[in-house]
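Residues per chain, in single letters:
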Amino acid sequence: QLQLVESGGGLVQPGGSLRLSCAVSGFTLDYVTIGWFRQAPGKEREGVSCISRSGGRINYADSVKGRFTTSRDNRNNTVYLQMNSLKPEDTAVYYCAATVRYLGCTGGMDYWGKGTLVTVSS
């Protein structure tokens, strides 16, 4: 079974940086589309970014463009979300999710991690 484990969350000051990792097991990452999502307190879950298999296409939410960067290391079966210039409104539980369907980022995700908490506060 394909499994996802997020890590790297924690407390960071506004303007700081944090890198989240999503370790993928049970499937070769070369053929897995990975999306990052987040759910802030009192808000619905929203998409943050999506990276296609092989990294050929990357989409970002408008709220994080220019600040967040998604990359993948297929040899280590890990996808990263580098978060820079963090703002308090970035505070949320961040999830990575995956699909092996050709729909990729335009379709729903089939596998989900349990999430990692990111808190941006002074």
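Residues numbered from 1 in each chain as written. Predicted model: local features only at pLDDT ≥ 70, side-chain atom pairs only at ≥ 80, totals over all residues. Heavy atoms only, no water.

Engineer: I'd like to hear about the pairing of strand β1 (residues 3-7), residue by residue, with values.
Structural biologist: Along β1, the buried face is formed by L4 and E6; none of Q3, V5 and S7, which line the opposite face, is buried. Sheet analysis places β1 next to strand β3 (residues 18-25), joined by five bridges and oriented antiparallel. Looking across to β3, one finds that Q3 is bridged to S25. (Buried < 20%, exposed > 50% of the residue type's maximum accessible area, 1.4 Å probe, protein only. Helix = DSSP H or I, 4+ residues; strand = E, 2+ residues; numbered from the N terminus. Pairing = 2+ DSSP bridges.)

Engineer: Residues and numbers for unusual backbone geometry, please.
Structural biologist: Residue N77 is not a glycine yet carries a positive backbone phi of 50°. Summarising the element assignment, N77 is placed in the loop between β7 (68-73) and β8 (78-83). Phi is positive for S85, which is not a glycine, with a value near 50°. Checked against the element boundaries, S85 lands in the loop between β8 and β9 (92-99). For S85, a relative accessible area of 41% gives the class partly exposed.

Engineer: Could you give an account of the state of the cysteines, naming the residues involved and the relevant values?
Structural biologist: Under the criterion given, the structure shown has two disulfides. Through a disulfide, C50 is tied to C105; the S-S separation comes to 1.8 Å. Judged by the torsion about the S-S bond (-90°), the C50/C105 disulfide is left-handed. Of this pair, C50 sits in strand β5 (residues 46-51) while C105 sits in the loop between β9 and β10 (111-112), and the two are 55 residues apart along the sequence. Its relative accessible area of 7% is what places C50 among the buried residues. Should the bonded cysteines of the chain be numbered as they appear in the sequence, the pairing reads 1-3, 2-4. (Disulfide = S-S within 2.5 Å.)

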